[in-house]
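An overview of the molecular structure
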Amino acid sequence: VISWNSLIAGSVQSGHGEEALKLFHQMQLGGITPDLDSWNAVIARCSQDGHNEETLKRFPGMKMAPIKPNPVTIASVLSACARLMALQHGKEVHCHILRNGFESNVFVGSSLVDMYAKCKSVEAARRVFDMLSQRNVVSWNVMITCYAQNRHSDDALKLFHQMQEAGVKPDSATIATVLSISSNLMALQEGKQVHSYIIRHAMDSDVFVRSALVDMYAKCGSIADVQCVFDQSYQRNVAVWNAVIAGHAIHGLGEDALTLFHQMQQSGIKPDHITFTAVLSACSHSGMVSEGWQYFNSMTRDYGVKPSIEDYTCMVNLLGFAGNLDNAHKLISSMPFKPD
RNA sequence: UCCAUCAUUGU
């Protein structure tokens, strides 16, 4: 069992989920009963690869086997429930947790709060959060994000302060979430306070924090600060570039956005589907019709990125504002999506 | 097994 497990663990770590599953089956064919570690490796990999249905299918199978899931198993299964917004499944796992006395485990507790959060059960998430006997930074983050994503900004900020009063130090995930709240509220003062916190605590090299900062200044209308934060970023991942391109887009600075798009590629960063939406949004805000078509056609042809419904919306707006209603209609009827 | 949370996109 041990050697099979290390093989499985090896393929899990190198990201070969299929390989891990194959080994898992071969092991059983060889007459060896998988133990808890084998199960956990496979379930965790399914969950991380986004094979959420697969994860949920395996969990009951495991309960039939003569071994018991442990907190690590539960956390993986709950995160699959969260991504699928499978509230019923999640509640069953919750019962399982209570029956087995796993609720005191901090990983299980945070995953459980997150499951309710992603299923939009804000009240239930808060009830579980309040009952947690152990809370670490992730437990707080999960609850703050729950409020932030369900438009309870006040509760989110209140919790952010309570977290610090409780002696838990915010990490880069906390800060990124809190900044995204300032963005949505267009609260420049709040945002600047968080920025000074970031500087005081030397968190400004984190790419999550940087992209959130760029976004916050853009949404709060301070393009000068966008430039400043961006220029000071020496580590720029695709999200930081996306944020700065999108920031210029919403300010009607289409030419600058396109320049940034080319600089991004010169620096060796590959555009993703969000980049193209930002670029098309820039064209749309600045009425750049021919450029818009150029990038819309190029994204599939040259980059293999399929236009999303967001991209079509940008193009329809672009054509509509330019008075080209015929082409706008044609584009809508050619969309591989239901118009929303 | 080392796993749970976070940022950037259209209207």
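Residues numbered from 1 in each chain as written. Chains lettered and ligands numbered in written order. Predicted model: local features only at pLDDT ≥ 70, side-chain atom pairs only at ≥ 80, totals over all residues. Heavy atoms only, no water.

A few words on the packing of aromatic side chains. This model, assessed by the stated rule, comprises eight aromatic pairs. A ring pair is formed by Phe129 and Trp140, whose centres lie 5.2 Å apart and whose planes are at 80°; its orientation type is edge-to-face. Remark: Trp140 occurs in helix 9 (residues 137–149) and Phe129 occurs in helix 8 (residues 122–131); sequence separation between them is eleven residues. Judged by relative accessible area, which is 6%, Trp140 ranks as buried. Plain terms: the ring middles of Phe261 and Tyr295 are 5.5 Å apart, the flat faces sit at 90° to each other, and that makes the pair edge-to-face. One end of the pair, Phe261, is in helix 16 (residues 254–266); the other, Tyr295, is in helix 18 (residues 289–303), and 34 residues separate them in sequence. (Phe/Tyr/Trp six-rings, centres within 6.5 Å; stacked < 30°, edge-to-face > 60°. Helix = DSSP H or I, 4+ residues; strand = E, 2+ residues; numbered from the N terminus. Buried < 20%, exposed > 50% of the residue type's maximum accessible area, 1.4 Å probe, protein only.)

Topologically, Asp311 is positioned in helix 19 (residues 309–321). One buried charge, Asp311, has no salt-bridge partner; the nearest side chain with opposite charge is Lys306, at 11 Å. (Lys, Arg positive; Asp, Glu negative; His and termini not counted. Salt bridge = Lys/Arg side-chain N within 4 Å of Asp/Glu carboxyl O.)

The N-to-C vectors of helix 7 (residues 106–118) and helix 8 enclose an angle of 165°; their axes lie 7 Å apart at closest approach. The angle between the axes of helix 7 and helix 8 places the two elements in the roughly antiparallel class. Two packed elements cross with a definite hand, and for helix 7 against helix 8 that hand is left-handed. Of the residues in helix 8, those in contact with Leu112, Val113, Tyr116 and Ala117 of helix 7 are Ala124, Ala125, Val128 and Phe129. In terms of residue class, the contact of helix 7 with helix 8 is made up of eight nonpolar, no polar and no charged. (Axes fitted to C-alpha atoms, helices over the stretch in contact; angles between N-to-C directions. Parallel < 35°, antiparallel > 145°, perpendicular 65-115°, else oblique. Left-handed = near helix turned anticlockwise from the far one by under 90°. Contact = heavy atoms within 4.5 Å. Nonpolar A, V, L, I, M, F, W, Y, C, P; charged D, E, K, R; others polar.)

Before going further, it helps to examine the pattern of salt bridges. Under the counting rule described, the total for this entry stands at four salt bridges. As a salt-bridge pair, Arg126 and Asp130 come within 3.0 Å of each other at their nearest N and O atoms. Of the two residues, Arg126 and Asp130 both sit in helix 8, four residues apart, roughly one turn of that helix. Residue class for Asp130 comes out partly exposed when judged on its relative accessible area of 43%.

To continue, consider the protein's contact with RNA strand B. Phe107, Ser211, Lys219, Asn242 and Thr277 are the nearest of the 45 residues found near RNA strand B. Among atoms of RNA strand B positioned within 4 Å of the protein, sugar and phosphate together represent 51%. Interatomic distance of 2.9 Å between a side-chain N/O atom of Asn141 and a base oxygen of RNA strand B. Between Asp340 and RNA strand B, the recorded distance is 3.0 Å, taken from a side-chain N or O atom to a base nitrogen. Sort the elements by how many residues they give to the surface near RNA strand B and helix 13 (residues 207–219) lands first, with six residues. In the surface near RNA strand B, the residues fall into 18 nonpolar, 20 polar and seven charged. (Near = heavy atom within 4 Å. Polar contact = N/O pair within 3.5 Å; in protein donor to acceptor, adjacent residues only side chain to side chain.)

This brings us to the environment of Leu185. On the secondary structure map, Leu185 appears in helix 11 (residues 172–185). The class for Leu185 is partly exposed, based on a relative accessible area of 44%. Taking the C-alpha atoms as reference points, Leu185 and Tyr303, 118 residues apart in sequence, are found 35 Å from one another.

Our next topic: the confidence of the model for chain A. With 96% of its residues at a pLDDT of 70 or more, chain A has an overall mean of 91. Reported for the predicted complex are a pTM of 0.88 and an ipTM of 0.86. (pLDDT = per-residue confidence, 0-100.)

Here we come to the layout of surface pockets. By volume, the largest pocket is sized at about 980 Å³. As for the largest pocket, its lining consists of 34 residues, of which Ala176, Ser180, Ala212, Asp215 and Lys219 are closest to the centre. Elements supplying a minimum of two residues to the lining of the largest pocket: helix 7, helix 9, helix 11, helix 13, helix 15 (238–250) and helix 17 (273–285). Here the lining of the largest pocket gets eight residues from one element, more than from any other, and that element is helix 11. The residue makeup of the lining of the largest pocket, split by class, is 16 nonpolar, 13 polar and five charged. Put simply, the second largest pocket is a space of about 460 Å³. (1 Å grid on protein atoms, 1.4 Å probe; cavity = no way out; pocket = protein on both sides within 12 Å on 5 of 7 lines; lining within 4 Å. Points joined across faces, edges and corners; volume = space filled by probe spheres on them.)

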